[in-house]
Amino acid sequence: MRYPDRAFSAVLELPSCRFGVIESGDVITELHFLAPDLPLKAPTTPLGERLAVQLAAYLADPGIQFDLPVRPQGTVFQRQVWAQICAIPTGRVRQYQAIAKDLGSVARAVGQACGANPLPLVVPCHRVVSATGIGGFANHTDGWLIQTKRWLLWHEGLLI
DNA sequence: ACAAAAAACAATT
DNA sequence: AATTGTTTTTTGT
């Protein structure tokens, strides 16, 4: 997996892994799931602090919404997919197919756009699943990343 | 440096 | 195993 060259302004803790934050100026530009064995790093910026607070709130109650200044950058198609994903309410899932149909595209293209999502969790790409199973996560179909997707769905009451 | 071609991809039938 | 749409990487000029 390829990590960005810029440094994380904070590395927070999730039950199944770590969660890295990258910001530029006054907005968050990227979030990344990181391997569970990485060292934590306390937020060094007001924005990182704010995310840490909201993350803690989400861990306590999956119903809360993230409210952060973000700058999503991507192609037109990717932003359309991300907009569809943002429209999925907490505790609900949607299939790649369903989103593809709305956009006049195909499921596989939607999956690829999900993988390109720079703001996982805030843009809840974990709520998008395949027709036959759980689908992939962060460009993996197994390993601790997919475990993280399972955990998130479970946290929202969608899996046993 | 650019345009074209090929390959890759979180899927579905 | 064939196919889909989009993005990324490779190849040719």
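Bear in mind that the values here come from a model prediction, so they are computed numbers and not experimental data.

## Side note on the protein's contact with DNA strand B
Thought 1: Close to DNA strand B lie 17 residues, the nearest being Tyr96, Gln97, Arg108, Ala131 and Asn139.
Thought 2: Taking all atoms of DNA strand B within 4 Å of the protein, the share assigned to sugar and phosphate is 50%.
Thought 3: Contact between DNA strand B and Ala131: a phosphate oxygen at 2.6 Å from a main-chain N or O atom of the residue.
Thought 4: With respect to DNA strand B, the side chain of Asn139 contributes an N or O atom lying 2.8 Å from a phosphate oxygen.
Thought 5: Counting only elements with at least two residues in the surface near DNA strand B, the list comes to α3 (96-103) and α4 (107-115).
Thought 6: Among the elements that make up the surface near DNA strand B, the one with the highest residue count is α4 (six residues).
Thought 7: Class assignment of the residues belonging to the surface near DNA strand B gives a composition of seven nonpolar, eight polar and two charged.

## Description of the domain arrangement of chain A
Thought 1: Per the domain assignment, the segments of chain A are domain 1 (10-60) and domain 2 (76-155).
Thought 2: Using C-alpha coordinates to define each centre, domain 1 is positioned 20 Å away from domain 2.
Thought 3: Opposite the 15 residues of domain 1 that make contact, domain 2 presents 13 residues.
Thought 4: Carbon and sulfur atoms supply 76% of the area buried between domain 1 and domain 2, which totals about 1,300 Å² over both sides.
Thought 5: It is Leu31, Phe33 and Tyr58 in domain 1 that bury the most area against domain 2; as a group they hold 49% of the surface buried on that side.
Thought 6: Inspection of the region where domain 1 meets domain 2 yields zero salt bridges.
Thought 7: Scanning the region where domain 1 abuts domain 2 turns up four residue pairs in polar contact (both at pLDDT 80 or more).
Thought 8: Broken down by secondary-structure element, the contributors of at least two residues to the side of domain 1 that touches domain 2 are β3 (27-34) and α1 (46-60).
Thought 9: Grouping the amino acids of the side of domain 1 that touches domain 2 by side-chain chemistry returns 12 nonpolar, two polar and one charged.

The rules behind each value
- Residue indices begin from 1 for each chain and proceed along its sequence in written order.
- Key to labels: chains lettered from A, ligands numbered from 1, both in the order written.
- pLDDT decides what is reported in this predicted model: residues at 70 or higher carry local features, side-chain atom pairs at 80 or more are listed and counted, and totals for whole chains, interfaces and linings draw on all residues regardless.
- Only heavy atoms go into the side-chain values, all of them from the structure, while hydrogens and water stay out.
- Nearness here has a simple test: a residue counts as near a molecule or strand if at least one of its heavy atoms is within 4 Å of that partner.
- Counted as a polar contact is a pair of N or O atoms within 3.5 Å, where, for protein atoms, one must be capable of donating a hydrogen and the other of accepting one, and residues adjacent in sequence contribute only when both atoms are in side chains.
- Helix and strand labels come from DSSP, where a helix needs a run of H or I of at least four residues and a strand needs a run of E of at least two; each type is numbered from the N terminus.
- Residues are grouped as follows: Ala, Val, Leu, Ile, Met, Phe, Trp, Tyr, Cys and Pro are nonpolar; Asp, Glu, Lys and Arg are charged; every other residue, Gly included, is polar.
- In this document the domain limits rely on a domain assignment from an automatic tool or a database.
- Contact criterion: two residues are considered in contact whenever any of their non-hydrogen atoms come within 4.5 Å of each other.
- Buried area adds together the accessible area that both of two parts lose upon being put together, with accessible area traced by a 1.4 Å probe.
- Think of a salt bridge as a Lys or Arg side-chain nitrogen and an Asp or Glu carboxyl oxygen that are within 4 Å of each other.

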